[in-house]
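The lines below spell out each chain.
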Amino acid sequence: MTRFQQLIEKNKSIVSTRRKFTNMLMLSMTGVMTLFALIPLFWIIGYVVYKGGQYINLDFFTQTPRPLGIEGGGVLHAIEGTLVITVLASIFAIPPGILAAFYAARYPNTVLGVALRFSTDVLSGVPSIVIGLFVYAVVVKPMGHYSGFAGGIAMAILMLPTIIRTTEEMLKLVPYTLREGSLALGAPEWKTSVNVVLPAALNGIITGFLLAVARAAGETAPLLFTALGNERYNLGKIVQSGIAQKQGVSQILQRVFNQPVDSLPLTLWKYSQEPYPERIQQSWAVALVLMIFILLINIFARIWVESRKRALQG
Amino acid sequence: MTKYIQTLPETHWLTRARRFVSHGDTPWHWTIIAASIFVMIMIMAIGWMLWRESADARTTFGFGFLTPTVDPSWDPVNDNFQAWPFIYGTLLTSFAAMLIALPISIGIAVFMAELCPEWLRLPLNWLVELLAAIPSVVYGLWGIFIFLPTVVAPVAEWLFNTLGTTPVIGVMFAGPVPVSGSSRLGAAFILTIMIIPTITAVTRDVLLAIPNHQREASLAMGATQWETIWQVLLPYGLSGILGAVILGLGRALGETMAVTMVIGNSIEGSASLLRPGYTMASIIANEFAEAVTKLHSQALIEIGLVLFFMTLILNTIARLLVWSVARRTPQEARA
């Protein structure tokens, strides 16, 4: 072995030690980063469960708020408001969402199809507060007052991209042979879509809808100046007095939707800004309810999606 | 009626109309097209409405509304508004968040796509997605009462002590640090946590889309795994990762509630990261429902318009970048 070769051998070992070290260091850094990012997740969940768990009780779900400074009371108004807004939003968002998803899944490469997917992506990136401003300009200003109806529309716009995208994914997973079989039997395209493809993808579509609801249920910003908030909202009383006054269903519904309502995140935000300790305590409890609701939907939806994907692909 | 139509000649318009409806494909077709166009119109309608509703503010204040000023004014009483402090606050917190989130997210994405065992990938994926699923008000609540006092305040104090007196960048770290910890730094930290899932998810998809022969070629040349990742995979997916960054930035710009709760909501001239401030989204959230004058609410809508256009442009660029990666990669090569 020449001196030159010896030199190479010697240096090679030095270089490769450095490279091995860098390799090990950086690869383990990625693992550390992952752990680091998960700290806030467990911290938040743990703390909200610990703090919220102390203040949660049955009254919390069944009572409306007491006047400031008095202990007790609950957030029934916000639960009802969330329900009202979510139901309205679903009614507004599901039909156009699913229809548009049919187009996106059926014609992905036409000009309109590409434009549709693009605008879905862009719409999902529009800040929720901007959607709130838009709905204020379009609905609240012409109507002259804040309402649960306006909140529902804002939420619908927020849910639309999620519904379109998940529905499109699920429709694409339906085997093409199923569609061909139906078409070969002479069924028109729309019957194939509605009676064959839609039922096959229905589980996934419902999951996507649940995810959209989970996303919308946690949003506050678009409700700030559409639904506004209303501590005296009481669904039971509205319906009871409506029946007592012999009002029709449409009149009662109008009274339900046509006034400002609260929602859980909106209540959380307002309570957290107030200087009263019992309000702060309640805001922790609201945070717990909200988080459990949203995490449950998410976990449930993920499990469902995975099992469906496996069933459809396998 | 039906009988009457059946007796009509084949070419009669009523016969054709009946066929048209009873077969149903054409109405179906137009319905789904209408739904698609509805979604597209929504974007334009948002832009147009905000543009129209902010007309007076735009004509009154002109471009001076948006340009940097040394002594900005936000005065609902005298109807004099300049948005620079909020634009600055948004940009500062978003970029600071991006700076912290980027290395962490890329680390997680590399770990998830390249290193972690198969059984760990799915649970990890879920956990990161859960991070995105937690409502922003919950982040905010946790931020005010836990995160600000325990993490942000000490870090801000430390930054102030070490960097506060340095000549040039000292302006960014000027004090005094608020006792509560409510500051732009707090907002930036919360935003960091909130955009990590976005960047991670896209970067991971980009890494998974890189064909395997790239890895094999690099490893066959004698590169270590890290060298393969750093010198081959990340440059290969660079445009996609850039797309991820821009998507994350878009999310950070528009994030409202959590930021409003921790940033301290103060209109002051300080440029410091350690002082309380405002972002564009948080000033709208705080003042719009109680806007005093017409010009006040119009000025807020104009801020919304600027925010809308910022996110619109960022999202467009990001989507184009991510799509370009997807198109370059042959379908069968994806992992």
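Calculation rules
- Residues numbered from 1 in each chain as written.
- Chains lettered and ligands numbered in written order.
- Predicted model: local features only at pLDDT ≥ 70, side-chain atom pairs only at ≥ 80, totals over all residues.
- Helix = DSSP H or I, 4+ residues; strand = E, 2+ residues; numbered from the N terminus.
- Rg over C-alpha atoms; globule rule 2.2 N^0.38 Å.
- Buried ≥ 20, exposed ≤ 12 C-beta atoms within 10 Å, placed from the backbone.
- Contact = placed C-beta atoms within 7 Å.
- pLDDT = per-residue confidence, 0-100.
- Nonpolar A, V, L, I, M, F, W, Y, C, P; charged D, E, K, R; others polar.

Undergrad: Whenever I open this one, the overall build of chain B confuses me. Can you help?
TA: Looking only at helices and strands, chain B features 14 helices and two strands. Its C-alpha atoms give chain B a radius of gyration of 26 Å, clearly above 20 Å, the size a compact globule of 335 residues would have. With respect to the principal axes defined by its C-alpha atoms, chain B has extents near 95 × 70 × 35 Å. For chain B, the proportion of its 335 residues judged to be buried stands at 47%. A separation threshold of at least 6 residues defines the contact pool for chain B, and within that pool the share at least 24 residues apart is 75%.

Undergrad: Could you clarify how one ought to interpret unusual backbone geometry in this entry?
TA: Glycine aside, residues mostly have negative phi, and peptide bonds are mostly found in the trans state. Positive phi, normally seen in glycine, also occurs at K246 of chain A, with a value near 55 degrees. Residue position: K246 of chain A is located in the loop between helix 9 (235-244) and helix 10 (249-257). For N265 of chain B, which is not glycine, the phi torsion reads 45 degrees and is therefore positive. As for its position among the elements, N265 of chain B is in the loop between helix 12 (257-262) and helix 13 (280-287). On the basis of neighbour counts, which here come to 18 C-beta atoms within 10 Å, the residue N265 of chain B falls in the partly exposed class.

Undergrad: Sorry, what's going on with the confidence of the model for chain B here?
TA: In regions of low pLDDT, the predicted coordinates are not meant to be interpreted in detail. All names here are of chain B. Looking at chain B, pLDDT values average 88 and 95% of them are 70 or higher. Scored below 50 in pLDDT, residues 331-335 shows six contacts in the model against residues more than four places distant or in partner chains. Interface confidence for the predicted complex, expressed as ipTM, amounts to 0.90; the pTM equals 0.90.

Undergrad: Teacher, can you tell me more about the environment of L68 of chain A here?
TA: Position of L68 of chain A among the secondary structure elements: in the loop between helix 2 (58-62) and helix 3 (76-106). When the C-alpha positions of L68 of chain A and E274 of chain A are compared, they lie 9.9 Å apart, and in sequence the two are 206 residues distant.

Undergrad: How should the interface of chain A and chain B be read in this particular structure?
TA: One frequent convention defines the size of an interface as the accessible area lost when the parts assemble. Facing 68 residues of chain A, the contacting portion of chain B comprises 63 residues. When residues of the side of chain A that touches chain B are traced back to their parent elements, those giving at least two are helix 1 (3-55), helix 3, helix 4 (111-125), helix 5 (128-143), helix 6 (148-173), helix 8 (189-217), helix 11 (264-273) and helix 12 (277-313) of chain A. Top contributing element to the side of chain A that touches chain B by residue count: helix 1 of chain A, with 19 residues. Classifying every residue of the side of chain A that touches chain B by side-chain character gives 49 nonpolar, 14 polar and five charged.

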